[in-house]
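Residue-level listing of the chains:
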Amino acid sequence: MKPELSPTLIRRRLTSLFPAALIEGIARERDAVERHRKIDITMLVWSLILGFAVDGETRSIAAFQRAYQTATNQTVARSSFYDRFTPEFCDLLSDLLAHALEEVAVPHTIAPQLTQFRDTMIADATVFRLHRLLTAFPATHEDQSGAQLYLVYNVTKRTLAQFDLTDERTHESSQFRTGNWLRGRLFLFDLGFYSYRRFALIDENDGYFVSRLKANANPRIVGERRKWRGRAISLTGTHLQDQLSKLTRKHIDVTGEFEFKRRKYGKRRSRATIEFRVVGVRNEDTDDYHLYVTNLPDEFTPEQVAALYSLRWKVELLFRELKSRYGLEKFETGDEAIAELLVTAALLTLVVSRALLAMFQEIEPDVEYPEERWATDRKVVAQPVLADLALALGHPPPNLPELVRREARQPERSRLTLNKRVAQAFNTEVWP
């Protein structure tokens, strides 16, 4: 039976994903709670997940404090609130994120042929600026700080599979780990992950990959995988770059031989050759080929290989969603631990958004929900959802006049408004 669109539907889904007992239990294990609690740790977590949208997308502690106070109708001293942002609290958020990644999935069949893979996955990374005083995150330019967020996005389940945060100088491809977890999975790579040794390891672990072929790659063609009508040019025994300018056929589909260096053992590093499929689809507008290297079987046509690679745009949209919708890189802190905490909170926001998407997809399986549109619309309801959670957790509804008075008044009496400064000038004794 499908869930009904009842007023409590969203709250029930969120509290089933992160029950208060789960949050409080992990908080105790991680030593992220005080003995005499002034702050509700469960609402603090939800304020970080939803509070960025309440306060104009800025991921600052002051913004989260306003979101927390608005939802709970509780006044918290600034110092007390800031003291909660500790490495232990970051550990709590990391544990919740790991829990959510196990629980959240939005099964999505793009095409029946892809069901033969356990998952279709995209590995990529994005760079964003941090406070220049965060020297633990050196950027490629001096006097700057920058972080790199590495992700493996599961297209099949529409959620994150892996993530890591490094400084900007760390090469993104070094974060991709090979092993038996690759078995049965299809990986889509951009040129930042281009490595014949990596492709060979994926193949040896019974995984699959599609990558753009480097512009200067020139494999020797050892066989053609399709027959062409008429007096087609034979490519076998030639090198790819020697033939490209001569070809006018719509597709290229050949087996290429690639040479690469094996991993270094001791002081020796052997060379090896491997054969992969090289696919080309002619672009009539530019009069050249889009070329791909893959180990997909021949049942995937050149057009299908090119279409599969276009799915890589999904991860670019994901990074844009994180930055434009969930406040990634809008940090106002020079504290390394807090920066890592806010990145984890942004990823939690993304995963929670996907959890709600999965619920609505279950209610209406025939309806398409584009991720960015979903993220934009979900921001609109972030504040009432946070308020609804606060009510469910026993916090009274906000006293709106008191809230307005508290937030709108001048925080420091010594700081004069323009009118006060002008009035003070007229009250000052004039020298003769």
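Just above, that's the structure.
One structure accompanies this document, and this report is about it. (Residues numbered from 1 in each chain as written. Predicted model: local features only at pLDDT ≥ 70, side-chain atom pairs only at ≥ 80, totals over all residues. Heavy atoms only, no water.)

**As for the overall build of the protein chain**
- Scanning the protein chain from N- to C-terminus turns up 15 helices and nine strands.
- Counting all 432 residues of the protein chain, 47% fall into the buried class.
- Taking the intrachain contacts of the protein chain between residues at least 6 apart in sequence as the baseline, contacts between residues at least 24 apart amount to 64%.
- Carbon and sulfur atoms provide 49% of the accessible area of the protein chain, an area that totals close to 22800 Å². (Helix = DSSP H or I, 4+ residues; strand = E, 2+ residues; numbered from the N terminus. Buried < 20%, exposed > 50% of the residue type's maximum accessible area, 1.4 Å probe, protein only. Contact = heavy atoms within 4.5 Å. Areas by Shrake-Rupley, 256 points an atom, 1.4 Å probe, with all protein chains shown as cover.)

**Quick notes on the sheet that holds strand β1 (residues 120–130)**
- With mixed pairing, the nine strands of this open sheet are ordered in space as β3-β2-β1-β4-β5-β9-β8-β7-β6. Here the strands that pair on one side only, and so sit at the sheet edges, are β3 (159–167) and β6 (220–224). Mean inter-strand twist for the sheet, computed between neighbouring axes without regard to direction, equals 30°.
- Where β1 meets strand β2 (residues 145–154), 10 bridges bridge the pair, whose relative direction is antiparallel. Looking across to β2, one finds that Val127 is bridged to Gln148.
- Where helix α11 (residues 336–363) meets the sheet, it contacts β1, β2 and β3, and its direction lies at approximately 165° from that of β3. (Pairing = 2+ DSSP bridges. Axes fitted to C-alpha atoms, helices over the stretch in contact; angles between N-to-C directions.)

**Here we look at the pattern of salt bridges**
- Applying the stated criterion to the full structure yields 17 salt bridges.
- A salt bridge links Arg277 to Asp253; the nearest nitrogen and oxygen atoms lie 2.9 Å apart. Separated by 24 residues along the polypeptide, Arg277 in strand β8 (residues 271–283) and Asp253 in strand β7 (residues 251–261) bring together distant segments of the chain. The burial state of Arg277 is the same as that of Asp253; both residues are buried.
- One network of salt bridges, in which partners are shared, links Arg225, Arg226, Asp253, Arg277 and Asp298. (Salt bridge = Lys/Arg side-chain N within 4 Å of Asp/Glu carboxyl O.)

**Let's talk about the packing of aromatic side chains**
- Applying the stated criterion to the full structure yields 23 aromatic pairs.
- Look at Phe176 and Phe189: their rings are 5.3 Å apart centre to centre, the planes differ by 85°, and that puts the pair in the edge-to-face class. Placement of Phe176 in the loop between β3 and β4 (186–189) and of Phe189 in strand β4 is noted, with a sequence separation of 13 residues between them. Residue Phe176 shares its accessibility class with Phe189, and that shared class is buried.
- Both rings, one in Phe209 and one in Phe276, keep their centres 5.1 Å apart while their planes meet at 85°; by these two values the pair is edge-to-face. Placement of Phe209 in strand β5 (residues 208–212) and of Phe276 in strand β8 is noted, with a sequence separation of 67 residues between them. Here Phe209 and Phe276 have matching classes, each one buried.
- Taken together through their ring pairs, the aromatic side chains of Tyr150, Phe176, Trp181, Phe187, Phe189, Phe193, Tyr194, Tyr196, Phe199, Phe209, Phe258 and Phe276 make up a single cluster. (Phe/Tyr/Trp six-rings, centres within 6.5 Å; stacked < 30°, edge-to-face > 60°.)

**Looking at the environment of Gln383**
- Topologically, Gln383 is positioned in helix α13 (residues 382–392).
- A C-alpha to C-alpha distance of 9.1 Å links Gln383 and Thr70, two positions 313 residues apart in sequence.

**Some thoughts on the pairing of β1**
- Counting buried positions along β1 gives nine out of 11 residues, so the element sits mostly inside the fold.
- By the bridge criterion, three bridges tie β1 to β4 in an arrangement that is parallel. Among the inter-strand pairings, Met121 is bridged to a residue of β4, identified as Phe187.

**Quick look at helix α7 (residues 196–204)**
- Listed in full, the buried residues belonging to α7 are Tyr196, Arg198, Phe199, Ala200 and Ile202.
- As for α7, its buried residues are in contact with β4, β5, β7, β8 and β9 (288–294).
- Looking at the residues trailing α7, positive phi occurs at Asp206, about 60°.

**Considering the nonpolar core**
- Judged by nonpolar contacts, the single largest core of 92 residues is most densely connected at Phe18 and Trp46.
- It is α11 that contributes the most residues to this core, 18 residues altogether.
- Counting 35 residues, the second largest nonpolar core, distinct from the first, contains Ala123, Val152, Tyr196 and Leu291. (Core = buried A, V, L, I, M, F, W, Y, C linked by side-chain atoms within 4.5 Å.)

**Side note on the environment of Thr344**
- Position of Thr344 relative to the elements: it lies in helix α11.
- Since its relative accessible area comes to 7%, Thr344 is described here as buried.
- For the pair formed by Thr344 and Leu328, sequence separation is 16 residues and the distance between their alpha carbons is 9.7 Å.
- Looking at Thr344, its side chain comes within polar contact range of the main-chain oxygen of Glu340, at 3.0 Å. (Polar contact = N/O pair within 3.5 Å; in protein donor to acceptor, adjacent residues only side chain to side chain.)

**With respect to the side chain of Thr159**
- Locating Thr159 in the fold gives a position in strand β3.
- By relative accessible area, which is 4% here, Thr159 ends up buried.
- With residues up to four places along the chain from it excluded, the contact list for Thr159 reads Leu101, Val104, Tyr153 and Asn154.

**So, the packing of helix α1 (residues 9–17) against α13**
- The N-to-C vectors of α1 and α13 enclose an angle of 70°; their axes lie 10 Å apart at closest approach. Relative to α13, the element α1 lies roughly perpendicular. With respect to the hand of their crossing, α1 and α13 are arranged in right-handed fashion. In this structure, α1 contributes Ile10, Arg11, Leu14 and Thr15 to the contact, and α13 contributes Val385, Asp388, Leu389 and Ala392.
- Of the residues belonging to the contact of α1 with α13, the class tally is five nonpolar, one polar and two charged. (Parallel < 35°, antiparallel > 145°, perpendicular 65-115°, else oblique. Left-handed = near helix turned anticlockwise from the far one by under 90°. Nonpolar A, V, L, I, M, F, W, Y, C, P; charged D, E, K, R; others polar.)

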